[in-house]
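Commentary on secondary and tertiary structure
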Amino acid sequence: MLIFTTAAELRAYAEQARAAGRRLGLVPTMGALHEGHLQLVRAAAQACDEVIASVFVNPTQFNNPDDLRLYPRLPEQDAAALAPAGCTVLFMPTVSEVYPQPAVLRFDFGALEQVMEGAHRPGHFNGVATVVSKLFHLARPHVAYFGQKDFQQVAIVRQLIADLSFDLKLVVFPTVREVDGLAMSSRNARLSPAARAVAPLLYQVLQQAATQVRLGVPPAQVQQQALAALAQESAFIPEYIEVADAHSLQPITSYEAGRPVVLCVAAHLGGVRLIDNMVVE
Ligand code: PAF
């Protein structure tokens with residue numbers, strides 16, 4: 001596995017590999033890798049000749065300085081996990097390498113970012129779109145791999161690819177969960193044992209809500225009951241629970257046949273912000 005720290009190295013390598021007819025897969029990450037990330041890398045290794053993984057804690061997508069400061073950073077462990085999963089190129093740049101000067105360009109995704117993560121984390125998707133665009137330009141992937149755990153991010157990246165005509169295929173993999181249902185996340189490492197013990201409630205609440213959606217319980221009632229169920233555990237501070245259209249991500253007031261619904265939740269638990277989601281077809 002090659003390790004590059006400069007944009008020039010990655011750009012030159014990717015260009016050469018493309019010219020040689022090799023198929024490139026990109027797995028963008030912020031490191032502190034877990035099984036969810038590694039499944040993306042393994043899938044990329046199956047489908048591509050080169051797997052480029054990036055490990056970069058992108059400061060421009062953090063709206064909370066403490067969240068950025070405390071975000072887990074495990075570069076050696078990440079590198080050790082990536083090679084056996086089939087990664088051929090690891091891109092680990094510094095902040096000044098990615099942002100030689102502060103980006104001035106601003107992305108506006110309209111209604112898509114005016115809900116949920118976009119509404120609660122001002123500037124978050126601007127930062128995501130900026131860094132993902134840079135990575136697409138540098139790594140020139142034929143295929144880019146993302147996890148469904150960040151449901152709204154996937155919708156934003158899909159829009160980015162369409163609007164800027166990035167010539168690549170987006171592949172999305174289902175959320176990988178711990179045996180007790182907790183969605184794998186790099187932030188889980190920050191949970192205290194007590195917080196970790198109650199964390200699966202987030203998934204249980206989503207499952208209950210999904211059952212209600214299937215039974216046709218009105219969205220407002222599903223939302224209310226899910227919030228009440230989460231409030232049963234006083235350690236949780238819910239930020240939002242939304243019953244939304246799975247394509248537009250806009251909150252819904254009723255169901256329509258053939259329109260999939262997504263349930264999205266964000267909550268704070270012992271100072272750690274967790275998100276999860278579930279699609280109901
Ligand atoms: O999902 C993430 O880890 C990040 O948002 C991403 C896509 C790597 C951009 O920094």
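Scroll up a little and you will see the structure.
The structure reproduced in this document is the subject of the present report. (Residues numbered from 1 in each chain as written. Predicted model: local features only at pLDDT ≥ 70, side-chain atom pairs only at ≥ 80, totals over all residues. Heavy atoms only, no water.)

1. Here we look at helix α10 (residues 201-215)
Filter applied, for reference: Helix numbers and strand numbers start at the N terminus; a helix is a DSSP run of H or I with at least 4 residues, a strand a run of E with at least 2. Between the first and last residue of a helix there are one fewer steps than residues, each counted as 1.5 Å, and that sum is the expected span. Only protein chains enter the calculation, and the probe is 1.4 Å; a residue is then buried if its accessible area is under 20% of its type maximum, exposed if over 50%, and partly exposed in between. By definition in these notes, contact holds between two residues if any of their heavy atoms fall within 4.5 Å.
Spanning 15 residues, α10 covers 21 Å between terminal C-alpha atoms, matching the ideal 21 Å at 1.5 Å per step. Every buried residue belonging to α10 is among Leu-201, Leu-202, Tyr-203, Val-205, Leu-206, Ala-209, Ala-210, Gln-212 and Val-213, and all of these are buried. Packed against the buried residues of α10 are α9 (193-198), α11 (219-231), β7 (236-245), β8 (261-269) and β9 (272-280). Positive phi shows up at Gly-216, right after α10, with a value of about 85°.

2. Description of the sheet that holds β9
Just so we agree on the cut-off: Two strands are said to pair when DSSP picks up at least two bridges between them. Here an angle of 0 to 180 degrees is reported between the N-to-C directions of two axes, which are lines fitted to C-alpha atoms, with helices fitted over the stretch in contact.
Spatial ordering of the open sheet is given by β7-β8-β9, a layout of three strands whose pairing is antiparallel. The open sheet has two edge strands with one neighbour each: β7 and β9. On average, adjacent strands in this sheet sit at an angle of 15° to one another, irrespective of strand direction. Along the sheet, α10 makes contact with β7, β8 and β9, crossing β9 at roughly 25°.

3. Some points on the site of the ligand
Put simply, the rule reads: Only a single heavy atom is needed: when it lies within 4 Å of a molecule or strand, its residue is near that molecule or strand. Within 3.5 Å is the distance limit for a polar contact, defined as a pair of N or O atoms, with the added protein rule that one can donate a hydrogen and the other accept it, and that residues adjacent in sequence qualify only through two side-chain atoms. Each accessible area value is a Shrake-Rupley result obtained with a 1.4 Å probe; residue values ignore everything except the protein chains displayed when judging cover.
Taken together, Pro-28, Thr-29, Met-30, Asn-58, Gln-61, Val-131, Phe-146, Asp-150 and Gln-153 are the residues near the ligand. Within the side chain of Gln-61, a nitrogen or oxygen atom sits 2.6 Å from an oxygen atom of the ligand. In the model, an oxygen atom of the ligand is placed 2.7 Å from a nitrogen or oxygen of the Gln-153 side chain. Computed on the free molecule, the ligand has an accessible area of 290 Å², of which 89% lies beneath the protein chains in the complex.

4. Details of the packing of helix α7 (residues 124-139) against helix α8 (residues 151-163)
Geometry of a packed helix pair, given as the angle between the helix axes and the separation of the axes. The condition that has to hold: Angles below 35 degrees are treated as roughly parallel, those above 145 as roughly antiparallel, those between 65 and 115 as roughly perpendicular, and all remaining angles as oblique. Left-handed describes a crossing in which the near helix is turned anticlockwise from the far one by less than a right angle; the clockwise case is right-handed. Polar here means any residue other than Ala, Val, Leu, Ile, Met, Phe, Trp, Tyr, Cys and Pro, which are nonpolar, and Asp, Glu, Lys and Arg, which are charged; Gly is therefore polar.
Remark: α7 packs on α8, axes separated minimally by 10 Å, with the N-to-C direction vectors making an angle of 55°. Here α7 is positioned oblique relative to α8, judged by the angle of their axes. As for how α7 packs across α8, the hand of that crossing is right-handed. For the pair formed by α7 and α8, the contact residues are Phe-125, Val-128, Ala-129, Val-132, Ser-133 and Phe-136 on the first element and Gln-152, Gln-153, Ile-156, Val-157, Leu-160 and Ile-161 on the second. For the contact of α7 with α8, the residue count by class is nine nonpolar, three polar and no charged.

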